[in-house]
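This is what each chain is made of:
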Amino acid sequence: MTGLRVMTYNIHSCRGSDGQYLPERIAHVIAACRADVVALQEVDVNRRRSQRLDQAHHIAHHLQMGHHFHTTVQVEEERYGIAILSRLPMEPVAAGPLPSRLEPRGVLWVQVTWRGEPWQVLNTHLGLTPAERQRQLRALLTQWLAKPVCRCRSVLCGDFNTHPHSGLCRRLRRHLRDASRQARQRHVHATFPSRLPLVRLDHIFVSPNVAVRRAEVHDTPLSRVASDHLPLVVELEGGESGILSPSRTDDHPA
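In every chain, residue numbers begin from 1 and rise along the written sequence. Under the rules for a predicted model, residues below a pLDDT of 70 receive no local features and side-chain atom pairs below 80 are neither given nor counted, while totals for whole chains, interfaces and linings still include all residues. Excluded from the side-chain calculation are hydrogens and water; included are all heavy atoms of the structure.

With that settled, consider the UniProt feature "domain: Endonuclease/exonuclease/phosphatase" (unreviewed entry) in the protein chain. When the UniProt feature table is mapped to this numbering, "domain: Endonuclease/exonuclease/phosphatase" (unreviewed entry) covers residues 7-229. For the annotated span residues 7-229, helix accounts for 23% and strand for 37% of the residues, and the straight-line distance between the end C-alpha atoms is 13 Å. UniProt positions are given in the numbering used here, feature names are shortened, and annotations may be inferred rather than shown by experiment. Labels follow the DSSP assignment, with helices taken as runs of H or I lasting at least four residues and strands as runs of E lasting at least two, numbered in each case from the N terminus.

See below:
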């Protein structure tokens, strides 16, 4: 019996390394990963550069999934932001901004139901400077993940714009478990840039009670051209209870 498959994927507005904006190509990559829940970053809605498509809706429709989108940047009718897609029952919980001085950043939070149990899934895309990311992490830990409902079966996904050995990731591992490090079976390497991956900027963290069966970067000829990032996929199992408390068990080498 398979676990809950969660994926995080920066789709680069569906612009591939060949310069083409092809949301169908992104959808094919997602389908190949057999994900139940998909966190997307850098999603265009009604932007001229990407043929005025609602990319979240278009990809979700292609995959027969539900979706929710959160706008982080809006200029007139053009929008840009993050989305969560799911083939499971899904309800929006909250969405909002993170402290940002450069490009606005935000969080999208949904609850999905898997095997009769609620799972909290949060998607984000952190800033480009270390100081900004630290402020954003503080907000995530104190304003979002500190909610009582996040103490059990919660998953934080996103493009963190930093590598697994950074101070930010080490700080986050005091509270949550890095799924890529906890996996019983793992094939995790770099996610960026997709053509010649050198660093993993994309991460999935889980609450302490969540078991991680598998973690892998989906690296194929198609995924190397579809976006400038490769997707990260994890397979999870839920526990009965859990607490959002300090945990240093993840600080071994990846």
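There's plenty left to go through after this.
Note: strand β3 (residues 66-75) against strand β4 (residues 78-86), nine bridges, orientation antiparallel. Across the sheet, the residue bridging to Phe69 is Ala83, located in β4. Hairpin connection, β3 to β4: the antiparallel pair is bridged by two residues, and Glu76 has positive phi, about 55 degrees. Criterion used throughout: strands pair if DSSP finds at least two bridges between them.

Since the α-helix advances by 3.6 residues per turn, residues separated by three or four positions end up pointing in the same direction. In this scheme, a residue with accessible area under 20% of its type's maximum is buried, one over 50% is exposed, and one in between is partly exposed, where area comes from a 1.4 Å probe on protein chains only. Taken together, the buried positions of helix α1 (residues 23-33) are occupied by Pro23, Arg25, Ile26, Ala27, Val29, Ile30 and Cys33. Buried residues in α1 make contact with β1 (4-10), β2 (37-45), α2 (55-63), α6 (221-226) and β13 (232-237). Once α1 ends, the next one or two residues include Arg34, with phi positive near 55 degrees. Residues count as neighbours in contact if any of their non-hydrogen atoms are within 4.5 Å of one another.

Next up on the list: the nonpolar core. Counting 28 residues, the largest nonpolar core has Val6, Val37, Trp119, Val155, Ile204, Val206 and Leu236 as its most contacted members. In terms of residues, this core owes the most to one element, strand β6 (residues 105-114), which gives four residues. What Ile204 contacts, discounting residues up to four positions off in sequence, is Val6, Met7, Thr8, Val155, Leu156, Cys157, Arg177, Asp178, Ala179, Ser180, Leu232 and Val234. Grouping buried Ala, Val, Leu, Ile, Met, Phe, Trp, Tyr and Cys residues that are joined through side-chain atoms within 4.5 Å yields what is termed a nonpolar core. With 22 residues, the next largest nonpolar core counts Cys14, Ile30, Val38 and Leu85 among its residues.

Take the pattern of salt bridges next. Within this document, salt bridges are pairs made up of a side-chain nitrogen of Lys or Arg and a carboxyl oxygen of Asp or Glu, the two lying within 4 Å of each other. Per the stated rule, a full pass over the model turns up 16 salt bridges. A salt bridge links Arg52 to Glu77; its shortest N-O distance comes to 3.2 Å. On the criterion of sequence distance, the pair formed by Arg52 in the loop between β2 and α2 and Glu77 in the loop between β3 and β4 is long-range, its members being 25 residues apart. On the basis of relative accessibility, which here comes to 39%, the residue Glu77 falls in the partly exposed class. When the shortest N-O distance is used, the salt bridge between Arg181 and Asp178 registers 3.7 Å. Each member of the pair Arg181 and Asp178 is classed as buried.

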